Amino acid sequence: MADKEYTYSDVSEHTTKKDLFLVIHDKVYNASSFVDEHPGGEEVLLDVGGQDATEAFEDVGHSDEAREVLEGLLVGKLKRKEGDPQPKSYAPTTQTASTTEGASMGVGLYAIVLIGGVLAFGAYKYLQAQQEGQ
């Protein structure tokens, strides 16, 4: 059944809760049986029903389990024709935790230097006042 080819026009006819098709990475999925179970709510699926949902699917960062569920909903492949909307190119972000940690480390270092400068200035003023008092 997953060998069936659907056109974008075919997919766009399936946009209701009881008849919902999605396209993700040029594969067609029948999400009708999953609408009520979707953790993000049915509105999320209905908003992208009958169209290419690749970007929406990938932007959320679905788990491996979600991808397995998706494979169970596969009904065919998308056969693109001239005039169909072009797929949005999806390039997953490759930002790592070390990049984020590096940025916060820089802010922390800046704060330490600033506090050290304030303490040094305070110590200088204190010692200067002590000398004038003698």
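Residues numbered from 1 in each chain as written. Predicted model: local features only at pLDDT ≥ 70, side-chain atom pairs only at ≥ 80, totals over all residues. Heavy atoms only, no water.

- Naming follows an unreviewed UniProt entry, where the protein chain appears as Cytochrome b5 of Polyplosphaeria fusca.
- Looking at the protein chain in UniProt, the text filed under Sequence similarities (unreviewed entry) is "Belongs to the cytochrome b5 family." (UniProt positions renumbered as here; feature names shortened; annotations may be inferred.)

**Let's talk about the layout of surface pockets**
If a probe as big as a water molecule is rolled over the atoms, it shows which places are left empty.
For step 1, the next point in the chain: Each pocket or cavity is described by its volume, and for the largest pocket that value is around 320 Å³.
For step 2, the next point in the chain: In terms of lining, the largest pocket is formed by 18 residues, of which the most central are Phe34, His38, Leu45, Phe57 and His62.
For step 3, the next point in the chain: Of all the elements in the fold, those that place two or more residues in the lining of the largest pocket are strand E3 (19–24), helix H2 (42–48), helix H3 (54–60) and helix H4 (64–72).
For step 4, the next point in the chain: Tallied by class, the residues present in the lining of the largest pocket amount to 16 nonpolar, 2 polar and no charged. (1 Å grid on protein atoms, 1.4 Å probe; cavity = no way out; pocket = protein on both sides within 12 Å on 5 of 7 lines; lining within 4 Å. Points joined across faces, edges and corners; volume = space filled by probe spheres on them. Helix = DSSP H or I, 4+ residues; strand = E, 2+ residues; numbered from the N terminus. Nonpolar A, V, L, I, M, F, W, Y, C, P; charged D, E, K, R; others polar.)

**What about the sheet that holds E3?**
For step 1, the next point in the chain: Strand order across the open sheet formed by 5 strands is E1-E5-E4-E3-E2, with mixed pairing between neighbours. Looking at the sheet topology across the chains shown, the edges are occupied by strand E1 (4–7) and strand E2 (15–16). (Pairing = 2+ DSSP bridges.)

**A short note on a nonpolar patch on the surface**
For step 1, the next point in the chain: Taken together, the side chains of Tyr110, Leu114 and Val118 make up a nonpolar region of the molecular surface, amounting to roughly 350 Å² of accessible area.
For step 2, the next point in the chain: Of note, Tyr110 is situated in helix H5 (residues 97–132). (Patch = residues over 30% accessible without salt bridge, like charges linked within 9 Å, V, L, I, M, F, W, Y side chains within 5 Å. Areas by Shrake-Rupley, 256 points an atom, 1.4 Å probe, with all protein chains shown as cover. Salt bridge = Lys/Arg side-chain N within 4 Å of Asp/Glu carboxyl O.)

**Remarks on the pairing of E3**
For step 1, the next point in the chain: Burial analysis of E3 places 5 of its 6 residues in the buried class, which makes it a mostly covered element.
For step 2, the next point in the chain: Looking at chain direction, E2 and E3 are connected through 2 bridges and run antiparallel. The residue of E3 that forms the bridge with Thr15 is Leu20.
For step 3, the next point in the chain: Linking two consecutive strands that pair antiparallel, namely E2 and E3, is a turn of 2 residues.
For step 4, the next point in the chain: Strand direction decides the pairing type here: E3 and strand E4 (residues 27–30), joined by 4 bridges, are antiparallel. Note on E4: the bridge partner recorded for Leu22 is Tyr29.
For step 5, the next point in the chain: In textbook terms, the turn of a hairpin is the stretch between consecutive antiparallel strands, and for E3 and E4 this stretch comprises 2 residues, one of which, His25, has a positive phi near 55°. (Buried < 20%, exposed > 50% of the residue type's maximum accessible area, 1.4 Å probe, protein only.)

**Quick notes on the packing of aromatic side chains**
For step 1, the next point in the chain: Applying the stated criterion to the full structure yields 1 aromatic pair.
For step 2, the next point in the chain: Ring geometry for Tyr6 versus Phe21: centroids 5.5 Å apart, planes at 90°, classification edge-to-face. Taken together, the residues Tyr6 in strand E1 and Phe21 in strand E3 connect sequence positions 15 residues apart.
For step 3, the next point in the chain: By relative accessible area, Tyr6 is classed as buried at 9%. (Phe/Tyr/Trp six-rings, centres within 6.5 Å; stacked < 30°, edge-to-face > 60°.)

**Structural notes on the nonpolar core**
For step 1, the next point in the chain: Ranked by size, the top nonpolar core spans 13 residues in total, and within it Leu20, Leu22, Ile24, Tyr29, Leu45 and Leu70 carry the most contacts.
For step 2, the next point in the chain: When residues in this core are grouped by element, the largest group, 3 residues, is from E3.
For step 3, the next point in the chain: Those residues in contact with Leu20 that sit more than four places away from it in its chain are His14, Thr15, Tyr29, Asn30, Ala31, Ser32, Val35, Leu45, Leu46 and Gly49.
For step 4, the next point in the chain: Counting residues in each nonpolar core, the second largest holds 8 residues, with Tyr8, Val11, Val23 and Val75 among its members. (Core = buried A, V, L, I, M, F, W, Y, C linked by side-chain atoms within 4.5 Å. Contact = heavy atoms within 4.5 Å.)

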